[in-house]
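Descriptive analysis of the structure
One-letter residues, chain by chain:
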Protein chains: 2
Amino acid sequence: MSSAISSCSPSLLGQDCGLTSRSQKDFPRSRTPKFLKCVASPPAETTAYTTKVQRNANMEKLRAGYLFPEIARRRAAHISKYPDAQVITLGIGDTTEPIPEVITSPMAMRAHALSTVEGYSGYGAEQGDKELRAAIASTYYGALGIDEADIFVSDGAKCDISRLLLLFGASVKIAVQDPSYPAYVDSSVIMGQTGLFQMDIEKYGNIEYMRCSPENGFFPNLSTVSRADIIFFCSPNNPTGSAASRDQLTKLVQFARDNGSIIIYDSAYAMYISDDSPRTIFEIPGAKEVALEISSFSKYAGFTGVRLGWTVIPKELLFTDGFPVAKDFNRIVCTSFNGASNVVQAGGLACLSPDGLKMKDVVSFYQENTNILVDTFTSLGFNVYGGKNAPYVWVHFPGRSSWDVFAEILEKTHLVTTPGSGFGPGGEGFIRVSAFGHRENVLEASRRLKQLFK
Amino acid sequence: MSSAISSCSPSLLGQDCGLTSRSQKDFPRSRTPKFLKCVASPPAETTAYTTKVQRNANMEKLRAGYLFPEIARRRAAHISKYPDAQVITLGIGDTTEPIPEVITSPMAMRAHALSTVEGYSGYGAEQGDKELRAAIASTYYGALGIDEADIFVSDGAKCDISRLLLLFGASVKIAVQDPSYPAYVDSSVIMGQTGLFQMDIEKYGNIEYMRCSPENGFFPNLSTVSRADIIFFCSPNNPTGSAASRDQLTKLVQFARDNGSIIIYDSAYAMYISDDSPRTIFEIPGAKEVALEISSFSKYAGFTGVRLGWTVIPKELLFTDGFPVAKDFNRIVCTSFNGASNVVQAGGLACLSPDGLKMKDVVSFYQENTNILVDTFTSLGFNVYGGKNAPYVWVHFPGRSSWDVFAEILEKTHLVTTPGSGFGPGGEGFIRVSAFGHRENVLEASRRLKQLFK
């Protein structure tokens, strides 16, 4: 994040922060003028009882708040300042359109059934319902040699990122696309894998940042990338909206094989791919021995609030001693998780039914939104990326701070976007514009942007 | 676990293990004759590609499978052996009775509403819906100074145990009741807090085991307990069924204050308390500065498969440097979790409505089951503990191995129980009998037990 984050009170946590309000002066300024080192600073005066438990040093390494709550906080502050403004959110990638009844009805039926002797069920399998696992395997990985036993159903990809890092432990080194979804880095910091944040380069010491920019077509120059144990790779990428081609993914898999690395491939936006880019890493020969995949119903089926995702760990993926990664992950899932909700899994199963594929209409709707936004920025003379295979538009503001652009757009148009630098130093100078939204809001956003940047 | 676990193939993971079947001989026997060190042993012959990623050393410290999947595996093996037997499960503490419609209908309505423009919602607050947090605070902690902002809604207490240990990091030392719910120890092992398992004493080196036995009324002798950073304390206790009294909890809170420790108080069974034992640790003066509490709708509302719980972290709970524990937990929740399902939270809110309190009838039903089981074992001359304030009956078989008793009961009566030693060395010689079950099954179990032990 850039210098535009200039205050650092507990309200960074957002309104539902679990803390009482405290004035900003309780948190002393750090010696570095550009940043406020809020996360490690105790209150100035402490007369209350304190335990003798040390704060986890890894938590102290985290930078301010998680990106999206920080944006929510700024949105709330803006609304307080302009209570009559019609604020439109193109910030957090949050779905807005209703879910077809072919999906919600089975959830409702499952809920009702819990009131009957025959329909009641208690603990399900930690790995997910057998039928849902089988349906995920056959729908998305049918011809690729992935079967039901390789699928672990989750309450969302974000939750599985932390469980996966718990699986790999504190001593692995990770690599991330730069920019990328911030949960990879933040979860890794919490696990103690990253070293300290280095203010001058805006990077953690022990993370390999794989720069993805217009210059390299948003695919990293692997010849300059150092070996990492774990490579997070999101395609279509959040935030750049760029999907890696088959050739590029083939290079990535070969790179992992050469280095003995494990790819954590995030395919949460795969349903938005409109060209022949692979929908899953397992389309690439040899991937099953070096990759696992996390995915989600969130962006496809509008399940951001319903909560359902999955992780694929092929039985071929082995640690260096030959021990199967899936076996350890199974142990993590059994110990730290109790399965996704039975009601929600009924909805997931319905998504994969022939009728459930009607969700594609909703995806198409968001794709039309994307086109409107791409056309808007293009017509204004901006260099615009993404959009084709993802619900995100990545707009370049060369030489400007992302947070300044974010703040200007919010102040002058009441539109919430996401500053690119929130996704890593490689995002500086960009903003991400989400295409999730009602049509009239997207059209109104387009009008306001044309007014501002005409 | 005792020597009764004598095989160690991947089938320990259960049928849904995410792995292909592999013959037992692939896993060589360890040099210790009493145990098979399966978790660290690679396949004997490895010709397949392996990555160069090291297996997490903490995972290697875990002992065989998590307890309950292991029991599920043995149950499945028994059914294979006796396909016509009417197996009755009093093992896993899994609810069996239908949920009243006053609770399932709001879930169904919430699901249906997701198909409407007005009723659709995407990402909710990571900490849970404001209304549900407020209802939990007022229903359970109304007069105790806990408010909405102190409540973090979760997808279940088990899931929050891992998130809490992630919060505290690898360098804390934990204490547990012995016996206790195995997720405390196993989650702590995975986090790297425990040291190695010591075969001779059946304990991890760096865990403080607080023995709870009939001799001390199932409350540890705190004068012999070494300081730990984190004290897991479950009351009513799983597995012993014993609830700590107000005096005992006052001593526990004082012990934590003297040592500067943090208590993770697990009140998942609080709704089963039938005497005046405290329902929450926050009934004890001074607890807010040394305790947080995890709890759940699972055992109260039959939500074991629906998935909903919560964690209370008072704003008064501070690390040694004065930093609020809740603030770091909020960061964990925002990074590693995305909130409980919106459909499920609607059910949770209904549980706390005046009509929702009808769930108490279901609790009473299980309490009657408990009485039947207590009477059964008492009439057979066993020393029986628990049952009064919890849905668990803790039966003593002095001098016998828990796994042997488990195996005998399963073999001769087709009843699944839980071996006490699965909860820690202090559980050796006991079995836990769960009172969750349909009435006819509990009565039939009683008949079979009377037949076996007459």
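Reading the values: the criteria
Residues numbered from 1 in each chain as written. Chains lettered and ligands numbered in written order. Predicted model: local features only at pLDDT ≥ 70, side-chain atom pairs only at ≥ 80, totals over all residues. Heavy atoms only, no water. Helix = DSSP H or I, 4+ residues; strand = E, 2+ residues; numbered from the N terminus. Buried < 20%, exposed > 50% of the residue type's maximum accessible area, 1.4 Å probe, protein only. Contact = heavy atoms within 4.5 Å. Areas by Shrake-Rupley, 256 points an atom, 1.4 Å probe, with all protein chains shown as cover. Pairing = 2+ DSSP bridges. UniProt positions renumbered as here; feature names shortened; annotations may be inferred. Expected span 1.5 Å × (residues − 1). Least-squares fit on C-alpha atoms with pLDDT ≥ 70 in both. Axes fitted to C-alpha atoms, helices over the stretch in contact; angles between N-to-C directions. Core = buried A, V, L, I, M, F, W, Y, C linked by side-chain atoms within 4.5 Å. Salt bridge = Lys/Arg side-chain N within 4 Å of Asp/Glu carboxyl O. Nonpolar A, V, L, I, M, F, W, Y, C, P; charged D, E, K, R; others polar. Parallel < 35°, antiparallel > 145°, perpendicular 65-115°, else oblique. Left-handed = near helix turned anticlockwise from the far one by under 90°.

Counting secondary structure elements, chain A contains 13 helices and 15 strands. Here chain A holds 454 residues, and the buried ones make up 64% of them. Expressed as a percentage of contacts within chain A between residues at least 6 apart in sequence, the contacts between residues at least 24 apart total 73%. Approximately 15400 Å² of chain A is accessible, and the part contributed by carbon and sulfur atoms is 50%.

All names here are of chain A. Within the secondary structure layout, Ala113 lies in helix 3 (residues 101-113). Given a relative accessible area of 23%, Ala113 falls into the partly exposed group. For the pair Ala113 and Val343, spaced 230 residues apart in sequence, the C-alpha separation works out to 9.6 Å. Every residue in contact with Ala113, bar those within four places of it in the chain, is listed here: Gly119 and Tyr120.

The antiparallel open sheet is built from four strands, whose spatial order is 11-12-15-14 (chain B). If you trace the sheet from one side to the other, it starts and ends with strand 11 (384-386) and strand 14 (418-419) of chain B, each paired once.

Under the present numbering, the feature "domain: Aminotransferase class I/classII large" (unreviewed entry) in UniProt falls on residues 86-447 of chain A. Split by type, residues 86-447 of chain A is 35% helix and 15% strand. Its first and last C-alpha atoms lie 13 Å apart.

Take helix 2 (residues 67-81) of chain B next. Taking 1.5 Å per residue as the helical rise, helix 2 of chain B with its 15 residues ought to reach 21 Å, and the 21 Å between its terminal C-alpha atoms agrees with that figure. If you check which residues of helix 2 of chain B are buried, you get Leu67, Phe68, Pro69, Glu70, Ile71, Arg73, Arg74 and His78 of chain B. In this structure, the buried side of helix 2 of chain B is in contact with helix 9 (325-336) of chain A together with helix 6 (182-191), helix 12 (402-413), strand 13 (415-416), strand 14 and strand 15 (430-434) of chain B.

Moving on, we come to the relation of the copies chain B and chain A. Note on the identical chains: chain B maps onto chain A by a rotation of 180° and an axial translation of 0.0 Å, with an RMSD of 0.0 Å. In short, the pair behaves as if placed about a two-fold rotation axis. It is Ala108 of chain B whose C-alpha, among those of chain B, lies nearest the rotation axis, at 1.9 Å. Taken together, the interface assignments show that 99% of the residues at the interface of chain B recur at the interface of chain A, consistent with an identical surface on both copies.

This part is about the sheet that holds strand 15 (residues 430-434) of chain A. Residue and element names in this part refer to chain A. Overall, antiparallel pairing links the four strands, which are arranged 11-12-15-14 in an open sheet. This sheet does not close on itself; its edge strands, each paired only once, are strand 11 (384-386) and strand 14 (418-419). By the bridge criterion, five bridges tie strand 12 (residues 392-396) to strand 15 in an arrangement that is antiparallel. Counterpart to His396 in the pairing with strand 15 is Phe430. Against the sheet, helix 12 (residues 402-413) touches strand 14 and strand 15, its axis set at about 45° to strand 15.

Phe297 and Phe303 of chain A together with Phe297 and Phe303 of chain B are the most contacted members of the largest nonpolar core, which totals 122 residues. If sequence neighbours within four positions are ignored, Phe303 of chain A has contacts with Ile99, Ile103, Met107, Phe297, Ser298, Leu308, Val344, Gly347, Gly348 and Cys351 of chain A together with Tyr120 of chain B. Ile71 and Phe232 of chain A together with Leu67 and Val333 of chain B belong to the second-largest nonpolar core, a separate cluster that totals 116 residues.

The next thing to look at is the interface of chain B and chain A. Each partner contributes residues to the interface: chain B has 123 residues there, and chain A has 123 residues. Between chain B and chain A we count six salt bridges in total. Elements supplying a minimum of two residues to the side of chain B that touches chain A: helix 3 (101-113), helix 4 (130-141), helix 5 (157-168), helix 6, helix 7 (246-259), helix 9 (325-336) and helix 10 (342-351) of chain B. For the side of chain B that touches chain A, the leading source of residues is helix 9 of chain B, giving nine residues. A breakdown of the residues in the side of chain B that touches chain A according to their chemical character gives 55 nonpolar, 39 polar and 29 charged.

We now examine the pattern of salt bridges. Using the criterion set out here, one finds 42 salt bridges over all chains in the structure. Salt bridges sharing partners connect three or more residues here, namely Glu70, Arg73 and Arg74 of chain A.

Attention now goes to the packing of helix 3 of chain A against helix 10 (residues 342-351) of chain A. Residues and elements named next belong to chain A. At a minimum axis distance of 8 Å, the contact between helix 3 and helix 10 shows a crossing angle of 150°. When the axis of helix 3 is compared with that of helix 10, the two are roughly antiparallel. Of the two elements, helix 3 crosses helix 10, and the hand of that crossing is right-handed. Packed against helix 3, whose contacting residues are Val102, Ile103, Pro106, Met107, Arg110 and Ala111, the element helix 10 presents Asn342, Val343, Val344, Ala346, Gly347, Ala350 and Cys351 at the interface. In terms of residue class, the contact of helix 3 with helix 10 is made up of ten nonpolar, two polar and one charged.

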